Structure formats: C-alpha cells, structure tokens
Amino acid sequence: MTDDFNSRLDFLSYKEIKSMYDESKLVELNNVLEDFESDFYSISFDDNRCIDDYLLIYVGRYGSIRGLTFNSGRNLEDRDFNTLRFAKAIENEFPEKNSIAIFNIFQTKLKQVYESFGVVCIPEYIANQETHKIFLLSKLKNSVDYLILIDPVKFYKSFFERQNKISDEEGIFKLYLMLEGENGYIKIGQTQKKLEVRRKGVAEPTLKAKDPKIYILSAWVAPKEVEKKLHLDYKSKRKRGEWFDLRAIDLQEINEMMLTYEMIEILNHKN
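Residues numbered from 1 in each chain as written. Predicted model: local features only at pLDDT ≥ 70, side-chain atom pairs only at ≥ 80, totals over all residues. Heavy atoms only, no water.

## As for the overall build of the chain
We count it as follows: Helical segments are the DSSP runs of H or I of at least four residues, strand segments are the runs of E of at least two, and each set is numbered from the N terminus. Here the term buried applies to any residue with accessible area under 20% of the maximum for its type, exposed to any over 50%, and partly exposed to those in between, with areas from a 1.4 Å probe on protein chains only. When checking whether two residues touch, look at their non-hydrogen atoms; a contact exists if any pair is within 4.5 Å. Note on areas: Shrake-Rupley, 1.4 Å probe, and residue coverage restricted to the protein chains presented here.
On a plain count of helices and strands, the chain comes out with 10 helices and 12 strands. Considering the chain as a whole, with its 271 residues, one finds that 42% of them fall into the buried category. The long-range fraction of contacts in the chain, counting pairs at least 24 apart against all pairs at least 6 apart in sequence, stands at 58%. Summed over all atoms, the accessible surface of the chain reaches about 15300 Å², with 51% contributed by carbon and sulfur.

## Quick notes on the layout of surface pockets
Test applied: Grid points spaced at 1 Å over the protein atoms alone were grouped into cavities, where a 1.4 Å probe fits but cannot get out, and pockets, open sets with protein on both sides within 12 Å along at least five of seven lines, with lining residues defined by an atom within 4 Å of a point. Grid points are joined across faces, edges and corners, and a volume is the space filled by probe spheres set on the points. By the convention adopted, Pro, Cys, Tyr, Trp, Phe, Met, Ile, Leu, Val and Ala count as nonpolar, Lys, Arg, Asp and Glu as charged, and the other residues, Gly among them, as polar.
For the largest pocket, the calculated volume is near 530 Å³. Taken together, 25 residues line the largest pocket, and the ones lying closest to its centre are Pro-152, Gly-181, Glu-182, Asn-183 and Gly-184. For the lining of the largest pocket, the secondary structure elements donating two or more residues are strand E2 (39-44), helix H5 (99-116) and helix H7 (152-157). Within the lining of the largest pocket, the residues separate by chemical class into 11 nonpolar, 5 polar and 9 charged. Its boundaries defined by the atoms lining it, the second largest pocket holds a volume of some 250 Å³. Taken together, 13 residues line the second largest pocket, and the ones lying closest to its centre are Lys-88, Ser-99, Ile-100, Phe-155 and Ala-248. Elements represented by at least two residues in the lining of the second largest pocket include exactly helix H4 (79-93), H5, H7 and helix H10 (248-257). No other element matches the 5 residues that H4 contributes to the lining of the second largest pocket. Residues that form the lining of the second largest pocket fall into these classes: 7 nonpolar, 2 polar and 4 charged.

## Examining the pattern of salt bridges
Stated formally: One speaks of a salt bridge when a side-chain nitrogen belonging to Lys or Arg is within 4 Å of a carboxyl oxygen belonging to Asp or Glu.
One pass over the structure, following the stated rule, counts 16 salt bridges. For Asp-245, the salt bridge goes to Arg-247, with nearest N and O atoms at 2.7 Å. Of the two residues examined, Asp-245 and Arg-247, each falls in the buried class. Bridged by salt links that share partners, the residues Lys-88, Glu-91, Asp-245 and Arg-247 form one connected network.

## Describing the nonpolar core
Nonpolar side chains tend toward joint burial in soluble globular proteins. Convention followed: Nine residue types can take part in a nonpolar core, namely buried Ala, Val, Leu, Ile, Met, Phe, Trp, Tyr and Cys, and a core is a set of them joined through side-chain atoms within 4.5 Å.
Grouped together as the largest cluster of nonpolar side chains are 48 residues, with contacts concentrated most on Phe-86 and Leu-177. Not counting residues up to four positions away in its chain, the partners in contact with Phe-86 are Phe-5, Leu-9, Leu-56, Leu-68, Thr-69, Phe-70 and Phe-106.

## Considering the sheet that holds strand E11 (residues 238-240)
So the rule is basically this: Strands pair, by our definition, only if DSSP identifies at least two bridges between them. Orientation is described by axes fitted as lines to C-alpha atoms, over the contacting stretch for helices, and by angles from 0 to 180 degrees between their N-to-C directions.
The strand order E10-E8-E9-E12-E11 describes an open sheet built from 5 strands, whose pairing is antiparallel. Looking at strand neighbours, the two that pair on one side only are strand E10 (214-221) and E11, the edges of this open sheet. Here 2 bridges tie strand E9 (residues 186-191) to strand E12 (residues 243-244), and the two strands are oriented antiparallel to one another. Paired with Lys-187 across the strands is Trp-243, a residue of E12. Contacting strand E8 (174-180), E9, E10 and E12, helix H8 (residues 195-203) crosses the sheet at an angle of about 45° to E8. Sheet strands touched by helix H9 (residues 224-233): E8, E9, E11 and E12. Its angle to E9, the strand with the most contacts, is close to 160°.

## Digging into the sheet that holds strand E1 (residues 9-12)
Sheet architecture is open: 4 strands sit in the order E1-E4-E3-E2, paired in antiparallel fashion. Where the open sheet ends on each side, the last strands, each with one partner, are E1 and E2. For this sheet the average axis-to-axis angle between neighbouring strands, irrespective of direction, equals 15°. In this sheet, strand E3 (residues 54-62) lies alongside E2 in antiparallel orientation, the contact comprising 6 bridges. Across the sheet, the residue bridging to Asp-39 is Gly-60, located in E3. Where helix H2 (residues 14-24) meets the sheet, it contacts E1, E3 and strand E4 (64-72), and its direction lies at approximately 85° from that of E1. H4 contacts E1, E3 and E4 of the sheet and is inclined by roughly 165° relative to E4.

## Regarding the pairing of E9
Where a strand is regular, its side chains alternate between the two sheet faces. The element E9 is largely enclosed, with a buried count of 6 among its 6 residues. Neither face of E9 is exposed, since Ile-186, Ile-188 and Gln-190 on one face and Lys-187, Gly-189 and Thr-191 on the opposite face are all buried. Here 6 bridges tie E8 to E9, and the two strands are oriented antiparallel to one another. Opposite Leu-177, over in E9, you have Ile-188 as the bridge partner.

That is the geometry; function is a separate question.
And the structure:
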C-alpha cells in the first residue's frame, strides 16, 4: 500500500494566506494576520460541499506567518491517523504548538462539520465503547462513523507503566510530574507531602472562577538532585517556574532516566 500522506500535505506562504483572506474575509484569519491571535484552524470544502473531500487548514505565527494544509476526507483510509500526522507536521513547523492539542481541535471541528451534514452524535454511554471515542451516526441507518479524540492524561501516563509500585506516604522525598489540562504544560516538582495534597496545593494558587485541571502523571522516590537535573536538562522548554512544555519524546527520556528509582502508585482524584 502506497503512503500518499506527503502528496496530500502542502505548505502556505504569507502571500497565499493573504490571498486566502482576500477571498474569504474571515475575521479569525485576519486576527492572525494582524497579530491579535496566534493561530487559525479551518476546514474547507470545494463548491460541491461534499463531506467525502475537504481541506484541513492551519495558519500560525512562529517568527513569520505561514501555514499548512492537508487534503483529507471522510472515507480516507487511516483518516484519523493522517490527521494526527498532520498535527505532528504542524508541531514540527511551529515548535511551541502541541500536536495532541492540535489533533483534538481538528477532530472537534470535524465533529461540528459532520453535524452540519446531518450526522448525529451518539453519546458515549449509549455507544457502550471506550470513552476516548466520539461516535457519530448519520440519519441513514447504514451509515456509522466515529472520530477519535486523544485523552492527554491517559496518553502521557502511558509512558510510565510499571508492574511494581509503592504506596504514597507522607515524609518521603518524591519527584513528580503534573499536567495542567488547560494548556498541556507539565510541572517537574518535588514534595514530601502526599501527592494528592500537593496536587491541590498546586491548583490553589491559580484558582480563579473554577478549579484548574491538574493531574498527576507519575512520581518516584528520588532526592532533590534529580529534580535539579531535570530542570537543567529541559531548561529550553521552561514556560514559567517549574512548568515545562514537554512532549512525548521528553517523557520517554524521563521514564528511562527514572528506571532505577521506585515508582509511586498514582491515585488521581477528579478535579
């Protein structure tokens, strides 16, 4: 089977993006051109407005304005996987962006598009399937489809699987990784408190109108020097304080580094 991903991928210059705006007059695109917003996501159809073929469009700023497009469609083989590859291509061009978040944005937009074509969203508990899938059923009984969403917490925690873990105890020096659900940043920190107590302590300083989504990804029994080393290793990815913009490859590296340390059982409570 021939992989035609690259033949469907294209890059947009500033001139092409400006021409796109001149034709569409989309406010959201103009906001990026005028530097009011950092990025623009869209799904475009040809004149026939057929759901079988559409164009995924991303425009962003990273030094200069440029964009990427991907020619996709409802019946494209490995459609969702190719959307994820497209999200990764965007991350490669715009290193500050997170491919998992980009993927979920496009999948959510596709869900909205499908609904505009008369596709009905079936609640997950009715579909009786895994919770990371959004199942879609058209008004035609013989037409069933679904779009996959990636749960960042489950995805990131999957890098830290281990058979033997010890229980969380007060007074033990622990290195932990926590995920902020709103922006995907990961905190590399240390505590002697129980992890759930520390999680709540991390959430409280940023508490505004609602409780921020903070999740513990993993934790180990480790001395202070390990935290300092990780802060130094990933200083180029520091966003603020102890929060870092880490990606899958970084988590894999951290897991390999921490193999000699005891891992602590994580019990994430609902926010």
